Amino acid sequence: MPDFLDVKDSRTGTSRQLAITDGAIRAADLQQLSATPGDHGLLSYDPAFMNTAACRSAITFIDGDKGILRYRGYPIEQLAEKASFLEVAWLLRHGELPSQTQYDAFVHDITYHTYVHENLKTFLSGFRYDAHPMSMLCSAVAALSSFYPESKDIFDPVERNISIVRLVAKVPTIAAFIYRHMKGLPFVYPDNDLSYGENFLSMVARMSEPKYRSNPVFTRAIEILFILHADHEQNCSTSAVRGVGSSHVDPYSAVAAGIAALYGPLHGGANEAVLRMIQEIGDKARVPAFIEAVKGGSGRLMGFGHRVYKSYDPRAKIVKRLAYDVFESVGMDKDLEIALELERIALADDYFVSRKLYPNVDFYTGLIYRAMKFPTSFFTVLFAIARTAGWLAQWEEMLLDKEQKISRPRQIYIGSPERPYQRTLTGPAGR
Ligand code: ACO
């Protein structure tokens, strides 16, 4: 017996039954509720899509109350501990873990697409050295579209596959070139003998060593952080990729839109803000006063709270353990001590407990990235490298979903009614 929602429209006195499927009603069913014959029917009004499912997705599952995150059914904790980032990238897209043959072929494909067209180096060299790296990344990824015009053929599975492989392979190379450009250092080409994460660190940090090997703790940390950031269902940047991709533009342009969304301080920029906050506090002894100030309304405890997680963000637990490993390798840092003290005091304070404010993934990631010597402005670029895998899995799922069309929200018009044009300019209007 299907479930229904009984609704009575007091404007007309009519009653309707709206089918409930998967805990949702279809907004289109509201169109049955017309106030006057022939009008559009009832709209649902949901600014910021706080309570609207825009798709059916089989990729990522989150239960914010219980602190659960799974990719394709696999708990994030197990993937972070046991999988490689490329295994996760494959899993996100294909829905199943790869066989050895599939994995080897995928790693081969990714490895052999890490190089970028030489003209892209010229393109990047045109930016000022102090340009924000996210701005450079967004432009460079959008520019990739011009190198691969055949990628517009998004319904050809071969073209779609090669575009996805190219993006997962080339975004770390572009990111590393941007890093070198910021530092005024020569670009380092990919080393195809290295793993995905270590090759990235090599392109970032290699100087004159004939063979670069990164600190193994850093290689493991970057791999785990990439896994943790690879997808997070319908967040702002993923919705941007899906929304822009729904116009059937090529995937480079759609991913560039995701990068633009991620650049925003309310989305990918929080780990920078955590680091700035910790540096402003400056000393563990000042933490209680800082917490009191937050409770008094002066700013927020950055890295705490989440729109979806109302318990400990499962990614934050993993990142906290990772922070210990990294700091054991590079030496304990007073900023980590401040972070631990902030967390200890906040988690025992009724203000934070009653509002269900727990550390989110960004609380410790900035500390790790800084310990690895990445500049603060580069943190979001690292996020973007990882999220490229999730964006592309979501983009392809959207394209192959028969229910999806060009994304086109409605509005409730609150502007002026029709009025005649009356000139307000006193000088020439230029026409
Ligand atoms: N510090 C202090 N108080 C907070 C915090 C915080 N970090 N976060 C929320 N609150 C308080 C609010 O003041 C509000 O209190 P009130 O009920 O007395 O008015 C209550 O908790 C609910 O807050 P909302 O803003 O309604 O919660 P929302 O779900 O909209 O916000 C958000 C979530 C934006 C993440 C928020 O918790 C925040 O600003 N956190 C700090 C920034 C941050 O760490 N962002 C990273 C998010 S993770 C990511 O994007 C990868």
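Above: the structure in question.
On a predicted model such as this, the values are computed, not experimentally measured, just so you know.

Caption draft 1: Looking closely at the pattern of salt bridges. Under the counting rule described, the total for this entry stands at 22 salt bridges. Residue Arg213 pairs with Glu198 through a salt bridge whose shortest N-O separation is 2.9 Å. Pair noted here: Arg213 is in the loop between α7 (196–205) and α8 (216–228) and Glu198 is in helix α7, with a separation of 15 residues, a long-range link. Residue Arg213 is classed as exposed on the basis of its relative accessible area of 55%. The partner of Asp349 in a salt bridge is Lys295, with the nearest N and O atoms 2.7 Å apart. Taken together, the positions of Asp349 in the loop between α14 (334–347) and α15 (350–354) and Lys295 in helix α12 (residues 287–295) put the pair 54 residues apart, joining distant regions of the chain. A relative accessible area of 29% places Lys295 in the partly exposed class. What you see here is one network of salt bridges that share partners, running through Arg93, Arg160 and Glu396.

Caption draft 2: Layout of the site of the ligand. Around the ligand, 18 residues are found, and the nearest of them are Arg300, Leu301, Gly303, Phe304 and Asn360. In this structure, an oxygen atom belonging to the ligand sits 2.8 Å away from a side-chain N or O atom of Arg300. Notes on the ligand: free accessible area 930 Å², of which the protein chains cover 67%. By residue class, the composition of the shell around the ligand is eight nonpolar, five polar and five charged.

Caption draft 3: Highlighting the pairing of strand β1 (residues 3–9). Where β1 meets strand β2 (residues 14–21), seven bridges bridge the pair, whose relative direction is antiparallel. The residue bridging Lys8 from the neighbouring strand is Ser15, located in β2. Hairpin connection, β1 to β2: the antiparallel pair is bridged by four residues, and Gly13 has positive phi, about 80°.

Caption draft 4: Structural context of the side chain of Asp9. Mapped onto the secondary structure, Asp9 falls in strand β1. With near-sequence residues (within four places) excluded, Asp9 lies in contact with Thr14, Leu33 and Ser34.

Caption draft 5: Fine view of a nonpolar patch on the surface. Judged by side-chain polarity, Leu43, Tyr45, Ile412 and Ile414 come together as a nonpolar surface patch covering roughly 490 Å² of accessible area. As for its placement among the helices and strands, Tyr45 is situated in the loop between β3 (24–25) and β4 (60–63). According to the relative accessible area criterion, Tyr45 is exposed, its value standing at 64%.

Criteria and cut-off values
- Residues numbered from 1 in each chain as written.
- Predicted model: local features only at pLDDT ≥ 70, side-chain atom pairs only at ≥ 80, totals over all residues.
- Heavy atoms only, no water.
- Salt bridge = Lys/Arg side-chain N within 4 Å of Asp/Glu carboxyl O.
- Helix = DSSP H or I, 4+ residues; strand = E, 2+ residues; numbered from the N terminus.
- Buried < 20%, exposed > 50% of the residue type's maximum accessible area, 1.4 Å probe, protein only.
- Near = heavy atom within 4 Å.
- Polar contact = N/O pair within 3.5 Å; in protein donor to acceptor, adjacent residues only side chain to side chain.
- Areas by Shrake-Rupley, 256 points an atom, 1.4 Å probe, with all protein chains shown as cover.
- Nonpolar A, V, L, I, M, F, W, Y, C, P; charged D, E, K, R; others polar.
- Pairing = 2+ DSSP bridges.
- Contact = heavy atoms within 4.5 Å.
- Patch = residues over 30% accessible without salt bridge, like charges linked within 9 Å, V, L, I, M, F, W, Y side chains within 5 Å.

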